[in-house]
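Listed here are the chains, written in short residue letters.
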Amino acid sequence: MFNRRNFVLASLSACTFPELATAKARTPTLLAHGGGETPISLTKELRKLAKGRRLLIVPFAASNPATAAARTKGFFRQSGFGKIDVLELSSAAGAKAQIAQADAVWFTGGVQSRQVQALKSVPGVHDALLTAFRSGTVMSGGSAGAAVLSKLMISGGSGGSVFTRTGLGFWPEVVLDQHVRQRGREYRLKKVISANRNLIGFGLDEGTWVTFVNGRVRVRGSGSVHVVIWQGDQVVTTHLRKGQKFNLRGNT
């Protein structure tokens, strides 16, 4: 069981973060981006995290997956991936083979519930993704593609309401939200964490992303990460910016 006391916000002077390029091979690794324009620096970091040359794009959150896949291929070509594939769900065996060969998987933006439904509708595909993640394939995504990475997933909500459903479950201790400052979503994680006090909420502004390796998280990009926890008898929010990091212990 995740223990709230094991959550540590580490100061820059008290905590060291190893270079991502030297992290252990085959270590479960995540990258979540808050939406908006995807920076070239993010695509290059994903390439470094993956330690490989094969990227698999999963575009089913989009209303037009083919268009989303083509656009995503365009900006990832500059990152150094030698091979960029698009997941095909017409054959379960073929999809599982694509997943097994990938060094990194990128989930596109759109509607997160649509992405989850598409992947879970093909037998064995979700299990193949979980197996690949545990073996070291980097799971990553932006906007809705970040939301799907958690187990409890924010699926929508506005005007004070928030809705959740089950995501893909790579990061079960965390709930992710995106476009937070730009779309006035600060309240959403507060409501979710109030109802799920054992979890940690990460709210990502546009242009901002986090990497998660070996229990340690680092913030990159131009905006803030809103870290929301239940502490004592209330919700507490901390804002972190580029270069800051924190430890998430007891999560495996």
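Residues numbered from 1 in each chain as written. Predicted model: local features only at pLDDT ≥ 70, side-chain atom pairs only at ≥ 80, totals over all residues. Heavy atoms only, no water.

It is worth spelling out the sheet that holds strand β13 (residues 225-231) at this point. Here we have 4 strands laid out as an open sheet, ordered β9-β10-β13-β14, and mixed in their pairing. A strand with exactly one partner marks an edge of an open sheet, and here the two such strands are β9 (174-178) and β14 (234-240). Shown here is a sheet whose adjacent strand axes are inclined to one another by a mean of 20°, direction ignored. Of the strand pairs in this sheet, β9 and strand β10 (residues 200-204) are connected by 5 bridges, and their pairing is parallel. Residue pairing across strands places Val-175 opposite Gly-201, the latter belonging to β10. Strands β9, β10, β13 and β14 of the sheet are contacted by helix α7 (residues 186-195), whose axis makes an angle of about 25° with β13. (Pairing = 2+ DSSP bridges. Helix = DSSP H or I, 4+ residues; strand = E, 2+ residues; numbered from the N terminus. Axes fitted to C-alpha atoms, helices over the stretch in contact; angles between N-to-C directions. Contact = heavy atoms within 4.5 Å.)

Further remarks concern the side chain of Ser-143. Tracing the backbone through its elements, the reader meets Ser-143 in the loop between β6 (138-142) and α6 (144-147). Looking at Ser-143, its side chain comes within polar contact range of the side chain of His-179, at 2.7 Å. (Polar contact = N/O pair within 3.5 Å; in protein donor to acceptor, adjacent residues only side chain to side chain.)

This paragraph deals with the packing of helix α3 (residues 92-101) against helix α5 (residues 125-134). At a minimum axis separation of 9 Å, α3 and α5 run at an interaxial angle of 10°. Comparing their axes, α5 and α3 come out roughly parallel. Residues Ala-95, Lys-96 and Ile-99 of α3 pack against Val-125, Ala-128, Leu-129 and Ala-132 of α5. Broken down by class, the residue content of the contact of α3 with α5 amounts to 6 nonpolar, no polar and 1 charged. (Parallel < 35°, antiparallel > 145°, perpendicular 65-115°, else oblique. Nonpolar A, V, L, I, M, F, W, Y, C, P; charged D, E, K, R; others polar.)

A few words now on the pattern of salt bridges. Taken as a whole and judged by the stated rule, the model has 7 salt bridges. Among the ionic pairs, Asp-177 bridges to Arg-185, the shortest N-O distance being 3.9 Å. For the pair Asp-177 and Arg-185, one class covers both residues: buried. When salt bridges that share partners are traced, they join Glu-45, Arg-218 and Arg-220 into one network. (Salt bridge = Lys/Arg side-chain N within 4 Å of Asp/Glu carboxyl O. Buried < 20%, exposed > 50% of the residue type's maximum accessible area, 1.4 Å probe, protein only.)

Moving on to the packing of aromatic side chains. Applying the stated rule across the entire model yields 8 aromatic pairs. Ring plane angle 35° and centroid distance 6.0 Å describe the contact between Phe-107 and Phe-170, whose orientation is recorded as tilted. Residue Phe-107 is located in strand β5 (residues 104-107), and its partner Phe-170 is located in the loop between β8 (163-166) and β9; the two are separated by 63 residues in the primary sequence. Comparing Phe-107 with Phe-170, the two get one shared label, buried. Put simply, the rings of Phe-75, Phe-76, Phe-81 and Trp-106 pair up and form one aromatic cluster. Just above the ring of Trp-230 sits the side chain of Arg-197; from NZ or CZ to the centre is 3.8 Å. (Phe/Tyr/Trp six-rings, centres within 6.5 Å; stacked < 30°, edge-to-face > 60°. Lys NZ or Arg CZ within 6 Å of the ring centre and 35° of its normal.)

Counting 46 residues, the largest nonpolar core has Leu-87, Leu-89, Phe-107, Leu-119, Met-139, Phe-170 and Trp-171 as the members making the most contacts within it. Top element by residues in this core is α5. It accounts for 6 residues. Leu-31, Leu-46, Ala-69 and Ala-104 belong to the second-largest nonpolar core, a separate cluster that totals 18 residues. (Core = buried A, V, L, I, M, F, W, Y, C linked by side-chain atoms within 4.5 Å.)

So, about the pairing of strand β11 (residues 208-213). Sheet faces and side chains relate simply in a regular strand, where the side chains alternate between the two faces. Burial runs high along β11: 6 of the 6 residues are buried. Where strand β2 (residues 29-33) lies against β11, 5 bridges are found, and the strand directions are antiparallel. Bridge pairing in β11 links Thr-29 to Val-213. Of the strand pairs in this sheet, β11 and strand β12 (residues 216-221) are connected by 6 bridges, and their pairing is antiparallel. Counterpart to Phe-212 in the pairing with β12 is Val-217.

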